[in-house]
Amino acid sequence: MPLPVPCLKCPVCAVSHTPVSGHLKNGVYASTCQNCGFFFKFRAVEDTADTLTFTVNGTQYTVGNDYDPSMTLLEWLRSQNVSMGTKKLCLEGGCGVCLVSVKLYEPVTTTNQVYSVNACMVQLYMCDGWEITTVEGLGNPAAGLHQIQQRLIQYNGSQCGFCSPGQVMNMYGFLQRNPAPTKQQVEDNFDATICRCTGYRSILDAMKSFAVDTTRSKYSGPIDIEDLTPKLCKTSGTPCTGKCGHKEGADNGRGENSTQQGSAPLHIVSTTAQWFKPTTLPALYALLKQYRDANYRLVFGNTGFGVYNELAPNNYDILIDTRGIKALYGIDFDPVIVLGANLSFSNLLELFERMGTDPATKAYFPDFTKHMKQVASNSIRNVACWAGSLMLKHKHLDFTSDIYTMLETVGTKLFIVDGDTTESQVSLEDFLTLDMKGKVIIAAALPTYNTDDVFIKTFRVAPRLQLSHGYVLAGFNFKLDKNDNFRVKVKPTMVFQGISAKNHATNTENYLNGKQLGDPQVLKTALTTLAQEMAPSVDPVLASPLYRKNLACALFYKFVLNACYVKSAPRFHSGSMNLNRPVSSGVQTYDTVKQDWPLDEPMTKLDAAYQACGEAKYLDDLPLVQGELHAAFVISNQGNATITYMDATAALAMAGVQKFITASDIPAGGKNSFTSHSQGMKTEELLCSGQVLYAGQPLGIIVAADPQTALKAASMVKVAYSNVQKPVTDLNEAIQLKSFFPDPPDPSTAGDAAKAIASSARRVTGSIQMGTQAHFHMETQASRCVPNDDGGLDVQCTTQWIDATGEVIAGILNIPQSAVTVEVKRLGGAFGAKITRNFMTSGACALAAHVMQRPVRLVMDLHTNMRAVGKRNPYYAQYEVGFTDEGKLNGINVTVYGDCGSSPNGSGLSSMFICIDNAYNCANWKVTPVLVKTNKASNTACRAPGSLPAQFIMESMMEHVAKSLNKDPSDVRKLNFYTKGQVTPFGMKLDYCNLAPLVTQLETSCNLAARKTEVSVFNQANRWKKRGLSMVPTKFGIGWLGGTYNVFVAIYHADGTIAIEHGGIEMGQGINTKTAQVCAYELGVPMSLIRVKKGSSVCNANSMTTGGSITSELNAMGVIECCKALKARIDPIRQKMPGTPTWQQVVTQCYQKGVDLTSHYYTFPVHKEPFRYNVYAATVTEAEVDVLTGQCQIIRSDMLYDCGESMNPELDIGQMEGGFMMGLGYHLTEKEKFDPTTGEVLTYGTWEYKPPMPKDIPIDFRIALLKNAPNSLGVLRSKTAGEPPLMMSSSALFAIKHAIEAARAEIGQDTFFILNSPALVEDIQMACKVDPAQFTFGQ
Ligand SMILES: Cc1cc2nc3c(=O)[nH]c(=O)nc-3n(C[C@H](O)[C@H](O)[C@H](O)COP(=O)(O)OP(=O)(O)OC[C@H]3O[C@@H](n4cnc5c(N)ncnc54)[C@H](O)[C@@H]3O)c2cc1C
Ligand code: FES
Ligand code: FES
């Protein structure tokens, strides 16, 4: 067999060549070298194809080396405009917006199987023979929606819509495999796609409506198998409408019977790399022998590069796809279990489940089933193979591989073949030190156990329950003699990952051999030995060494309690179990004023159908315009230094790179600042002019022909630094160094706090800290700027503030603001990050377009976005509180240090004083804000900025007061509730205050008194599981001041339809739907007549940002005023018309009479107090903590919310759920970490940064809107819902705190302690003061 060519280089001058079509025939490449003129020929592997064929939504595509081997399926789908509904964010498998479903021939079952996969992890060349379905292949509003899309809409599961195609495709792939699932199975399957908006309840409800065990209703019931796979039009590849006349469109267009496609060997040669797909082991061995010294890598699921970027295919010259080798898919059971290397995690899971009761495997398959369900996500499990996971461990000994843990626990042996066909059998430990060059893992042999004396258990504790690598993994395999006090019959196996590079607790294993595990003294000595030999590595990104060491002991103890169950006291049994999470559920209760519909009507978003089918366009979905270029930021990797020089030579040498732009390219008279000076913001440099303030700061811009090249080139710009100083990224360190900005806001006072505290019967002092929070909007910061023929720029971008974006761009380019036209259709989430931070992106994009005089698009990749853009401000507060013996507040003195990052813009401190009182009356206050400067990106507004930390500080003080009095915190809270007529510290009289009755109602409806008793009984009965309850109220002031918005309503005379353009931005909150509802109500027309247009800078000159929860209601107010003006003109005409004219007739008549059918209104609300009105609400949350590990779950949350007369209960409840969940992320899972030397953000991707996922939501989540509570000060009697729900998420943290208190009571330490936010798993466990000395049998 002729050997494959090493690479297509001219043998004379070594210049690389691309084998273009026509030059490569039957595997022979012949061409004349364009560099030296030499005529050369190469023969590729015989009988191999050099193209591959696959289908997308039934349309067949054949591709070859016209695309690079490193191109992903996602990149191809989007760059070829085949599927823009398949979204792009993390490009590392961790967000799930890119899910598609694929049907492929699977040798394990010898059938075609459908799987959901992450298109960003799949290389294009892997798709040989695949039938791919994208969201466009399911349905659309024109052809009819697929039932999955319909349900998502019906259950209001789409807010900004960016994740919706991913959610739909996850379910589609799942139902294809399991058309009649249970609710539990559905919920288990939802572990792949993050949603930052909805809080998941609505998505889960939509998907669980297909379950066989769901309660049947109008919108629920299993899907008919006929409806599952829609018929596709053969012409368009979209669902068949039956209109194009293509008769063959009647079949499903998906090539149902095309099994075993793609089974031919493949060899594709490009200028950068070669792709091989051998189909036999000998062919694979030949390649390994040939390329053992080359820069090669094997490819199976290709997910490894989601963890380690060095595995990205573009780093290799030779890529060998093993998917076609059927011999690697085997499963054999006699006498040991032999598993082929190509088995995916899903294949293994299916096997573990199926064989869980078999006598030979029941010792560990059931446990492995549970474990495997928590590894990665279903879409990763569908493609990742176990051999790949072991190779990640092989390359990175510190990788916490679940597969390694499981396989090593049972003593697996690997079969490894060298390219010269020598086969060896090695243990996993030996494998880790084996040189794998030129070798391949072909199979693993796992033992079977036919005795019942084997106890095997594996554990994983992760920062988040789903889609998260483990902090610590552990596996135990013991042969025990139950009749001899659990004597360990042979040397046991104790595997640990996440501690250090050492995988076994060898000393403990040796010690335990022959010992009686049921002997308390043996347990004690084993734990001491274990603690001694666990030497955790130190790494700023990992959990603390102390926790990891402690956890290793705790997991072993858990195992012992399990294995020796009968030895432990019943109270201690709780330590043997993991938290049990049943299927979640939610209840939403509200009233609606039916006679006002469509106002107040619970309805889903107008755009929901387009979002669910992938047709809704976000910025990066816009088609390219002619000549469009792509830009990427070059960012600093030093946090406090001076730039000596920047060298872009290597970057500029890359094909396709056009320009490197620096601050010096800003045109004469332009400002090197991306902030709005008219709004009083301080300068922040667009591109660093010399002094680097933080790692991640933009230094320059690369402009290139495509986004990938721009990004790669940006990373190749060399930057030299001098005067490198240690960056300060820690708030406490900055406070100690007195690193403060000058001119902080003055202390705010009411009464005399010092005097009141001094004269109080009781006092507490303390401090509390709150972390940051990444906005994690699913659509990143983006902009597209096109120079126009008017000397200006047309800008489409992801800003929350059209007007100021225009101002900033004009300032940078030194052009009139009127020359900048900014447009925004919708945002894929924003949460405050796009109020002022999009100015950076749009400013840079505008500069690039100006310099190039060509259209430029700048879509930040997630990693750059997380590094360059600031987040929620962290705070640290020191407080002193004076109060009575009963707990009534007398005086409060707080100093709040706000970590502003590198600029004081957006510190959130100015609003502290007006929010910090929350629900409590206290006559004497002093609040001193301090603006702390750190070497971080300037922190910025994040949903409920200022107010969320302010209220958390207040609630922490209330907890402290209560604890010092040994009182129930709820009682102390209620004692201090504001009542009607009282005055807040900033002088607002509460003419309306329903806090106390609202809380009474909530406590009754959630049965609080009885549940308190139940919790106490539970805590008495369980040593290692503890529960806690907490009630947190909120009074959230809604201030309209500064809320200037333009609203424009136009009625078209020809058909009577109506267009609205308003001053807000639709970013998932439903502003378009609410304004349309209001318009329909005011004009008395059906909703179907109304369209809401995208926002533009012409109509929205001088409009304020969308934020502060006020935009929907103020724009609704603008619509009302426009409609009033229109009615004032229309009604006199209508009244003169005979009979009851139709709307159309009235409009026609008006038009003919010359009536202006357009109307404009500019809102400029004025009120004396900072707030127009207050939102009142309260939430009771119950949580459970696994004391040994620190894992926790929210058992139940009940929120009662005064929303006035909600304009749209469905949307408002969506906001409440989403807001509450964002708050849970803030308090429980999201944490930013920095490199202490460079100041770089270490948590810049989905691997390390963990927003909540579906199994983080309350298991039972009930939201009720307060009935009969019209808001006389609101727009149409409503109240807002965007931010206040976050305030009550601290109820979860405090419920956990109370559970921790119960754990500390066990060791006599139930005294006051601080529980800072966020309280991650490790913080919770450490707060419980878990110590291996406590690990006994309890009797
Ligand atoms: C979002 C995400 C979440 C994840 N979560 C977890 C988690 O919770 N727990 C966990 O343990 N892991 C996790 N992983 C890692 C995942 O398990 C691995 O990426 C995966 O197992 C690699 O398998 P693959 O088939 O994709 O290998 P590939 O990416 O195709 O290859 C990876 C490496 O394995 C080599 N290789 C592949 N097959 C063979 C073979 N037969 N013989 C020799 N070498 C071979 C390749 O040369 C390459 O070096 C996660 C990954 C992602 C992207
Ligand atoms: S873009 Fe593919 S998982 Fe995030
Ligand atoms: S709707 Fe899910 S991310 Fe916005």
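As the structure is a computational prediction, the values presented were derived from the model and not from experiment.

The rules behind the values
- Residues numbered from 1 in each chain as written.
- Chains lettered and ligands numbered in written order.
- Predicted model: local features only at pLDDT ≥ 70, side-chain atom pairs only at ≥ 80, totals over all residues.
- Heavy atoms only, no water.
- Pairing = 2+ DSSP bridges.
- Helix = DSSP H or I, 4+ residues; strand = E, 2+ residues; numbered from the N terminus.
- Contact = heavy atoms within 4.5 Å.
- Axes fitted to C-alpha atoms, helices over the stretch in contact; angles between N-to-C directions.
- Salt bridge = Lys/Arg side-chain N within 4 Å of Asp/Glu carboxyl O.
- Buried < 20%, exposed > 50% of the residue type's maximum accessible area, 1.4 Å probe, protein only.
- UniProt positions renumbered as here; feature names shortened; annotations may be inferred.
- Phe/Tyr/Trp six-rings, centres within 6.5 Å; stacked < 30°, edge-to-face > 60°.
- Lys NZ or Arg CZ within 6 Å of the ring centre and 35° of its normal.
- Near = heavy atom within 4 Å.
- Polar contact = N/O pair within 3.5 Å; in protein donor to acceptor, adjacent residues only side chain to side chain.

Read across the sheet, five strands follow the order S13-S14-S17-S15-S16 without closing on themselves; strand pairing throughout is antiparallel. Of all strands in the sheet, those bounded by a partner on one side alone are strand S13 (331–332) and strand S16 (423–427). Note that strand S15 (residues 413–418) and S16 share five bridges and pair antiparallel. Bridge pairing in S16 places Phe415 opposite Gln425. Most of the contacts of helix H11 (residues 386–395) go to strand S17 (residues 439–446), to which it runs at about 110°, and overall it touches strand S14 (337–340), S15 and S17.

So, on to the side chain of Ser1096. Tracing the chain through its elements places Ser1096 in strand S42 (residues 1095–1096). Residues contacting Ser1096, with those up to four places away along its chain left out, are Ile802, Val822, Glu823 and Glu1061.

A separate point is the pattern of salt bridges. A full pass over the atoms with the stated rule returns 61 salt bridges. Of the charged contacts, one joins Lys1035 and Asp917 as a salt bridge, the two residues approaching to 3.2 Å between their closest N and O atoms. One end of the pair, Lys1035, is in strand S38 (residues 1025–1038); the other, Asp917, is in the loop between helix H26 (912–915) and strand S37 (924–933), and 118 residues separate them in sequence. Asp917 shares its class with Lys1035; the two are buried. Here Lys1074 and Asp1212 are joined by a salt bridge, their closest N and O atoms 2.6 Å apart. Here Asp1212 lies in helix H34 (residues 1209–1229) and Lys1074 lies in helix H31 (residues 1071–1083), a separation of 138 residues in the sequence. Overall, Asp1212 belongs to the buried group, its relative accessible area being 1%.

Okay, the UniProt feature "domain: FAD-binding PCMH-type" (unreviewed entry) in the chain next. Cross-referencing UniProt, the feature "domain: FAD-binding PCMH-type" (unreviewed entry) maps to residues 268–451 in the present numbering. As annotated, residues 268–451 comprises 31% helix and 21% strand, and the C-alpha atoms at either end are separated by 52 Å.

What follows deals with the packing of aromatic side chains. The tally for this structure, following the rule as stated, stands at 36 aromatic pairs. Aromatic pair Phe54 and Trp76: ring centres 5.1 Å apart, planes at 80°, arrangement edge-to-face. Taken as a pair, Phe54 in strand S4 (residues 52–56) and Trp76 in helix H1 (residues 73–79) lie far apart in primary sequence, 22 residues in all. With relative accessibility at 2%, the residue Trp76 sits in the buried group. Pairing Phe572 with Trp1024 gives two aromatic rings, centres 6.0 Å apart and planes at 85°, and the pair type is edge-to-face. Highlighted residues: Phe572 in the loop between helix H16 (545–563) and strand S22 (585–589) and Trp1024 in the loop between helix H30 (1008–1021) and S38, separated in sequence by 452 residues. By the burial criterion, Phe572 is buried, and Trp1024 matches it. Cation over ring: Arg867 sits above Tyr1244, and NZ or CZ is 3.8 Å from the ring centre.

Lining the immediate environment of ligand 1, one finds 40 residues, of which Phe300, Asn302, Thr303, Gly304 and Asp402 sit closest. Between Ala376 and ligand 1, the recorded distance is 3.1 Å, taken from a backbone N or O atom to an oxygen atom. One of the side-chain N or O atoms of Asp402 is found 2.6 Å from a nitrogen atom in ligand 1. Counting residues per element, the ones that place at least two in the shell around ligand 1 are strand S11 (296–299), H11 and S17.

Read from one edge of the open sheet, five strands run S22-S46-S45-S44-S38, paired in mixed fashion. Lying at the two open borders of the sheet, with one neighbouring strand each, are S22 and S38. Along the sheet, successive strands turn relative to each other by an average axial angle of 10°, direction set aside. Sheet topology note: the strand S44 (residues 1173–1186)/strand S45 (residues 1192–1201) ladder contains nine bridges and is antiparallel. Of the residues in S45, the one forming a bridge with Thr1181 is Ser1197. Its contacts with the sheet put H34 on S22, S44, S45 and strand S46 (1260–1265), and the angle it makes with S46 is roughly 135°. Running at roughly 150° to S38, helix H36 (residues 1290–1305) makes contact with S38, S44 and S45 of the sheet.

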